[in-house]
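Observations on the model geometry
Each chain is listed here by its residues.
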Amino acid sequence: MRLRLDPFIVALLAAAVLASFVPATGEGLEVLKIAAMIAIGLLFFLYGARLSTAETLTGIRHWRLHVVILGTTFVVFPVLGLGAQLLEPTILTPGLAAGVLLLCLVPSTVQSCVVYTRIAGGNVAGAVVSASMSSLIGVFLTPALVALLMTSDARVDAGAVLRIVLQLFVPFVAGQLLRPLVGGVVARQDQRLRLYDRSSIVLVVFVAFSEGAEADVWSSLTVWSVLAVIMTCAALLVTATGWTVLVGRMLGFASADRITILFCGSNKSLASGLPIASVLFAGNDVALIVLPLMLYHQMQIIAGAVIAGRLARVGPAGRAA
């Protein structure tokens, strides 16, 4: 099979490289920060406007599925992240180790989970509900986990949590409330709006890496430290994928539900993780902190495309075997 490189991955890498060598600075950077905040708020408004009430009611009845996925996201992953801290400082630098732990605390992504579940023939309604619940719960639970497990690295207070709620949760709720008015337009313009989704994330990456370049955080990295964090992220993805496959089979879920557990349980959200990190780790080290999440996100997109394509070719009969 010929693997086509996702343009989104290319755009993310280009934004990171460009910001590292030609960063936005001064007033320009401040303007871009405000633009990024507005862009992410609108992104979550669109998430809310896209979420069908009927689809939600259908998917929410499958509570066992959601418990397994949310348990993987907010219990199993944090345990893996704490285990990865044993790699500091011999293999991972303190900043990258903190980034790996943050990666393990953020919620699941929405868009790619649903897309890959649909391609692979999984429970799409369950994926929509689980991924959306993960994003909403993560607005509150991720800061709580950061406060519990990363107190020396982050600033978590009522003001920080309020900023996250205003930037992510409030727009999502507004999108749901206004869905009867804007849902039709959002559905008709879905392809164009998905381009906006990705562009807003690219903008946030550019801003984060511009801040890092301005503070010269990259001078602390060596080729070995970059390779080490890449291998750590790859190991996390393999472990999470293996866990979701195993737990789905052990608990006797149907084939379609196991596919949903696989994608929703092993994926992490760049759209949620970046703004949360920008608030909780305000300062010049945020680019270093989000680097593992960026790497993991790109790996999960590539791995997800391969796995979903293979499952689609095998079909239901082959998956049940």
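Here the structure is shown first, and the text comes after it.
This section reports on the structure supplied with the text. Everything numeric in this text was worked out from a predicted model, so none of it was measured.

Some details on the packing of aromatic side chains
Taken as a whole and judged by the stated rule, the model has four aromatic pairs. Geometrically, the ring pair formed by Phe-77 and Tyr-296 is edge-to-face, given 6.2 Å between the ring centres and 85° between the ring planes. In this pair, Phe-77 sits in helix α4 (residues 63-84) while Tyr-296 sits in helix α14 (residues 286-320), placing the two residues 219 residues apart along the sequence. By relative accessible area, Tyr-296 is classed as buried at 0%. Of note, Arg-64 hangs over the ring of Phe-253, and the distance from its end group to the ring centre comes to 4.5 Å.

A look at the pattern of salt bridges
Throughout the structure, instances matching the rule amount to two salt bridges. Where Glu-30 meets Lys-33, a salt bridge forms, and the shortest distance between an N and an O atom there is 3.5 Å. In this pair, Glu-30 and Lys-33 both sit in helix α2 (residues 26-50), three residues apart, roughly one turn of the helix. The partly exposed category is assigned to Glu-30, whose relative accessible area is 42%.

Focus: the environment of Leu-82
With respect to the helices, strands and loops of the structure, Leu-82 is situated in helix α4. Those residues in contact with Leu-82 that sit more than four places away from it in its chain are Leu-101 and Leu-149.

Overview of the packing of helix α10 (residues 190-214) against helix α13 (residues 270-280)
For the pair α10 and α13, interaxial distance at closest approach is 10 Å and the crossing angle is 35°. The hand of the α10/α13 crossing is left-handed. Note on element contacts: α13 touches α10 through Leu-270, Ala-271 and Leu-274, opposite Ile-201, Val-204 and Val-205. Per-class residue counts for the contact of α10 with α13 are six nonpolar, no polar and no charged.

Structural notes on the side chain of Arg-50
Positionally, Arg-50 belongs in helix α2. Its relative accessible area of 18% is what places Arg-50 among the buried residues. Among residues more than four places away in sequence, those in contact with Arg-50 are Arg-179, Val-186, Asp-190, Leu-193, Arg-194 and Asp-197.

Quick notes on the rules
Residue numbering note: each chain is counted from 1, following its sequence as written. Owing to the predicted nature of the model, reporting of local features is limited to residues with pLDDT of at least 70; listing and counting of side-chain atom pairs is limited to 80 or more, with chain, interface and lining totals taken over all residues. Heavy atoms throughout the structure, all of them, feed into the side-chain values; hydrogens and water do not. Note on aromatic contacts: the rings of Phe and Tyr and the six-membered ring of Trp form a pair at centre separations within 6.5 Å, being stacked when their planes are under 30 degrees apart, edge-to-face when over 60 apart, and tilted otherwise. Counting from the N terminus, the helices are the DSSP runs of H or I reaching at least four residues and the strands are the DSSP runs of E reaching at least two. When accessible area is computed with a 1.4 Å probe and restricted to protein chains, residues below 20% of their type maximum are described as buried, those above 50% as exposed, and intermediate ones as partly exposed. Lysine and arginine charges are scored as sitting over a ring when NZ or CZ, respectively, is within 6 Å of the ring centre and within 35 degrees of the ring normal. What makes a salt bridge here is a side-chain nitrogen of Lys or Arg within 4 Å of a carboxyl oxygen of Asp or Glu, nothing more. Working rule for contacts: check all heavy atoms of both residues, and any pair within 4.5 Å makes them a contact. A fitted line through C-alpha atoms represents every axis, and for helices the fit uses only the stretch in contact; the resulting angles, taken between N-to-C directions, go from 0 to 180 degrees. In this scheme the crossing of two helices becomes right-handed for a clockwise turn of the near helix relative to the far one and left-handed for an anticlockwise turn of less than a right angle. Here the nonpolar group is Ala, Val, Leu, Ile, Met, Phe, Trp, Tyr, Cys and Pro; Asp, Glu, Lys and Arg are the charged ones; every other residue, Gly included, is treated as polar.

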